[in-house]
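Coordinate inspection notes
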Amino acid sequence: MARQNAEIARLRTDAAAIPYALEDAQEIAEQIEGEYALLQDQCAALPAMVAALDQFIAGREPMKRLTAEELAVVGDILAELHERYGEVVQAHLPGTLADLATISLRTMVSGPPETLAAVPDAVLSRINREYRMPPVHHHRMLDAETDGSEVLLLQLGYDDLMEWAWEETGAWRFRIGAQALLTRDWQAATLAFETD
């Protein structure tokens, strides 16, 4: 909003401004104000919904399977959250029961042994068959470059199982010169996000 107000102030004094530019900038400012007001309203109402959710989960085991009735309630809750508080929660909450199931499975697979043991065999087989490896770049550690001048300390590829979501063809790569590695000069290490 501050940037938009600055642009409006600039256009008011700019004799060379394109016709209707000030009017367009004011319309954008009104739109921003409307979106901000909507966010404020949703943020103000959200604590009541959070309290209702806390009551829903009170006293239950965190990894206990939901009954069909409870699953229907959770589906309704997700729909209501996105309908009534969508601007606030859209990037932070799953939108569907399928999304929630995926998050739950990721949590179970990467959690303590008892959660992994609770994953049904058929689901675990599918995960091991289809999702055990990152889709494009494998995770790697301590791999010398072909010319021997650098060592790849660590490579982290896109990995939806780990919820590492960035460009699928990209990888974070930590490197260090071979001599710096021998002398343990860790400040010489570099980090780059690279796409192939």
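Residues numbered from 1 in each chain as written. Predicted model: local features only at pLDDT ≥ 70, side-chain atom pairs only at ≥ 80, totals over all residues. Heavy atoms only, no water.

Let's talk about the overall build of the protein
A count of helical and extended segments in the protein gives seven helices and four strands. Order of helices (α) and strands (β) in the protein, N terminus to C terminus: α-α-α-α-α-α-β-β-β-α-β. The C-alpha radius of gyration of the protein comes to 25 Å, more than 25% above the 16 Å expected for a compact globule of 196 residues. Projected onto the principal axes, the alpha-carbon positions of the protein cover approximately 60 × 55 × 25 Å. A separation of at least 24 residues holds for 38% of the contacts in the protein among residues at least 6 apart in sequence. When the accessible surface of the protein is split by element, carbon and sulfur atoms take 57% of a total near 13,800 Å². (Helix = DSSP H or I, 4+ residues; strand = E, 2+ residues; numbered from the N terminus. Rg over C-alpha atoms; globule rule 2.2 N^0.38 Å. Contact = heavy atoms within 4.5 Å. Areas by Shrake-Rupley, 256 points an atom, 1.4 Å probe, with all protein chains shown as cover.)

Comments concerning the pattern of salt bridges
Under the criterion given, the structure shown has eight salt bridges. We note a salt bridge from E70 to R60, for which the minimum N-O separation is 2.7 Å. Remark: R60 occurs in the loop between helix 2 (21-57) and helix 3 (68-89) and E70 occurs in helix 3; sequence separation between them is ten residues. We classify R60 as partly exposed; its relative accessible area is 21%. Here R140 and D143 are joined by a salt bridge, their closest N and O atoms 2.8 Å apart. Under the relative-accessibility criterion, R140 is labelled partly exposed at 33%. (Salt bridge = Lys/Arg side-chain N within 4 Å of Asp/Glu carboxyl O. Buried < 20%, exposed > 50% of the residue type's maximum accessible area, 1.4 Å probe, protein only.)

A closer look at the sheet that holds strand 2 (residues 150-157)
Working definition: the strands of a sheet are paired by backbone hydrogen bonds and lie parallel or antiparallel to each other. Spatial strand order, 1-2-3-4: four strands in an open sheet with antiparallel pairing. In this open sheet, the two edge strands, each paired with only one partner strand, are strand 1 (140-144) and strand 4 (190-195). Recorded for the sheet is a direction-independent mean angle of 25 degrees between the axes of neighbouring strands. Here six bridges tie strand 3 (residues 170-177) to strand 4, and the two strands are oriented antiparallel to one another. Opposite W172, over in strand 4, you have F193 as the bridge partner. (Pairing = 2+ DSSP bridges. Axes fitted to C-alpha atoms, helices over the stretch in contact; angles between N-to-C directions.)

Considerations on a nonpolar patch on the surface
A cluster of nonpolar residues, W172, F174, L191 and F193, forms a patch on the protein surface that exposes about 330 Å² of accessible area. Elements with a minimum of two residues in the nonpolar patch: strand 3 and strand 4. Along the chain, L191 falls in strand 4. Overall, L191 belongs to the partly exposed group, its relative accessible area being 46%. (Patch = residues over 30% accessible without salt bridge, like charges linked within 9 Å, V, L, I, M, F, W, Y side chains within 5 Å.)

Some thoughts on the nonpolar core
Core analysis: the largest hydrophobic core is formed by seven residues, namely L46, M49, I77, L81, Y85, V88 and V89. Looking at this core, the elements with two or more residues in it are helix 2 and helix 3. At five residues, the largest contribution of residues to this core is made by helix 3. When sequence neighbours within four positions are dropped, the list of residues in contact with V88 reads L39, Q42, C43 and L46. (Core = buried A, V, L, I, M, F, W, Y, C linked by side-chain atoms within 4.5 Å.)

A look at the packing of aromatic side chains
Under the definition given, this model contains three aromatic pairs. Plain terms: the ring middles of W166 and W172 are 6.3 Å apart, the flat faces sit at 90 degrees to each other, and that makes the pair edge-to-face. Since its relative accessible area comes to 22%, W166 is described here as partly exposed. Owing to a relative accessible area of 32%, W172 belongs among the partly exposed residues under this scheme. For the pair W166 and F193, a centre-to-centre distance of 6.4 Å together with 85 degrees between the ring planes defines the contact as edge-to-face. In this pair, W166 is assigned in the loop between strand 2 and strand 3 and F193 in strand 4, connecting sequence segments 27 residues apart. (Phe/Tyr/Trp six-rings, centres within 6.5 Å; stacked < 30°, edge-to-face > 60°.)

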